[in-house]
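Spelled out from the first residue to the last, the chains are:
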Amino acid sequence: MSGRWEDGKTRCAWANPKNPAYIAYHDHEWGVPTHDDRDLLEMLILECFQAGLSWECVLNKREAFRRAFDNFDLEAVCAYDQKKIAALLQDEDIIRNRLKIHAAVNNARIFRDVQREFGSFDRYLWGWTDGATVYESGLASSPLSDTVSKDLKERGMKFVGTTVIYSYLQSVGIIYSHDAGCFLCRPSEAETTRNDSTHKRLSS
């Protein structure tokens, strides 16, 4: 449930009013259409690290992740060797989960494969909705996230279950989910454009 804050605005219930980074993320990033492949890689890796944790935990470590992962430069991450992975496992400023760190490198390499196949990861990802934004809220997964998750798993990505992918699609603006009452909610658009996440690729 959304609540009114000290600045007079009403925001989504999940945003922590005591965390400036969270407020900035909610107000300026979450749900904003993202098309830059570097940004799409960053959010994909961060969402995978979130699995089993809170997004606030990951967000608080975001700058440390950027430092540790070479600002999510794709070629740099794809080139990580065991020495670099060992260094990441010793980095106390990030989430030192061995499986997730290995998955980040693996997923970056598959991300690059997708780039080469489609011309960009942006074209691949937004192609699931023909470039349109889906308006829905109150969900943790959908037919769209089920399908994208399945496809990425078949390509070899790890930590990309439907819940993680749904959160990812929300973060990069493919799914727009601001709560009813939030000052960023767009109910009129939700009523006119919502299509239950169906796209011709989902039924093909």
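Conventions we followed
- Residues numbered from 1 in each chain as written.
- Predicted model: local features only at pLDDT ≥ 70, side-chain atom pairs only at ≥ 80, totals over all residues.
- Heavy atoms only, no water.
- Phe/Tyr/Trp six-rings, centres within 6.5 Å; stacked < 30°, edge-to-face > 60°.
- Helix = DSSP H or I, 4+ residues; strand = E, 2+ residues; numbered from the N terminus.
- Buried < 20%, exposed > 50% of the residue type's maximum accessible area, 1.4 Å probe, protein only.
- Axes fitted to C-alpha atoms, helices over the stretch in contact; angles between N-to-C directions.
- Left-handed = near helix turned anticlockwise from the far one by under 90°.
- Contact = heavy atoms within 4.5 Å.
- Nonpolar A, V, L, I, M, F, W, Y, C, P; charged D, E, K, R; others polar.
- Salt bridge = Lys/Arg side-chain N within 4 Å of Asp/Glu carboxyl O.
- Expected span 1.5 Å × (residues − 1).
- Polar contact = N/O pair within 3.5 Å; in protein donor to acceptor, adjacent residues only side chain to side chain.
- Parallel < 35°, antiparallel > 145°, perpendicular 65-115°, else oblique.

Draft legend 1. Here's a closer look at the packing of aromatic side chains. Tallying each qualifying case throughout the model produces 13 aromatic pairs. Each ring, one from Trp14 and one from Trp30, has its centre 4.7 Å from the other, and the planes form 75 degrees; the classification is edge-to-face. Of this pair, Trp14 sits in the loop between β2 (10–11) and α1 (20–28) while Trp30 sits in the loop between α1 and α2 (37–50); the two residues are 16 residues apart in sequence, bridging distant segments of the chain. Owing to a relative accessible area of 30%, Trp14 belongs among the partly exposed residues under this scheme. Residues Phe49 and Phe65 carry aromatic rings whose centres are separated by 4.8 Å and whose planes lie at 55 degrees to one another, so their mutual orientation is tilted. Here the residue Phe49 occupies a position in helix α2, and Phe65 occupies one in helix α4 (residues 62–68), the gap between them amounting to 16 residues. Its relative accessible area of 0% is what places Phe49 among the buried residues. Within the aromatic cluster, the residues linked to one another by ring pairs are Phe49, Phe65, Phe69, Phe72 and Tyr80.

Draft legend 2. Highlighting the packing of α2 against helix α10 (residues 162–171). Between α2 and α10, the least distance of the axes is 9 Å, while the angle of their chain directions is 140 degrees. Relative to α10, α2 is oriented so that their crossing is right-handed. For the pair α2 and α10, contact is made by Leu40, Met43, Leu44, Glu47, Cys48 and Gln50 and by Val164, Ile165, Ser167, Tyr168 and Ser171, respectively. A class-by-class count of the residues in the contact of α2 with α10 yields 7 nonpolar, 3 polar and 1 charged.

Draft legend 3. Highlighting unusual backbone geometry. The backbone phi angle of Asp70 is positive, close to 50 degrees, even though this residue is not glycine. Mapped onto the elements of the fold, Asp70 is located in the loop between α4 and α5 (74–78). Positive phi outside glycine occurs at Asp130, with the angle close to 55 degrees. Take Asp130: it is sitting in the loop between α8 (121–126) and β3 (134–135).

Draft legend 4. Representation of the pattern of salt bridges. Taken as a whole, this structure holds 12 salt bridges when the rule is applied. Between Glu42 and Arg38 there is a salt bridge, and its shortest N-O distance comes to 2.6 Å. Highlighted residues: Glu42 and Arg38, both in helix α2, separated by 4 residues, approximately one helical turn. Assessed through its relative accessible area of 25%, Arg38 is described here as partly exposed. Shared partners join several salt bridges into a network, and the residues in it are Glu29, Arg38, Asp39, Glu42, Arg62, Glu63 and Arg66.

Draft legend 5. Molecular detail of α2. Here α2 is 14 residues long and its end C-alpha atoms lie 20 Å apart, about the 20 Å a rise of 1.5 Å per residue gives. Among the 14 residues in α2, 12 count as buried, and that is most of the element. Of all the positions in α2, only Asp37, Leu40, Leu41, Glu42, Met43, Leu44, Ile45, Leu46, Glu47, Cys48, Phe49 and Gln50 are classed as buried. N-cap assignment for α2: the residue whose side-chain oxygen lies 2.9 Å from the backbone N of Arg38 is Asp36. Remark: Gly52 follows α2 within two positions and exhibits a positive phi of approximately 85 degrees.

Draft legend 6. Looking closely at the packing of helix α9 (residues 143–155) against α10. α10 packs onto α9 with a crossing angle of 110 degrees between their chain directions and a minimal axis gap of 8 Å. Relative to α10, α9 is oriented roughly perpendicular. Where α9 crosses over α10, the two elements pack in a sense that is right-handed. Taking contact as the criterion, the partners of Leu144, Ser145, Asp146, Val148, Ser149 and Leu152 in α9 are, on α10, Thr162, Ile165, Tyr166 and Leu169. Taken together, the residues of the contact of α9 with α10 break down into 6 nonpolar, 3 polar and 1 charged.

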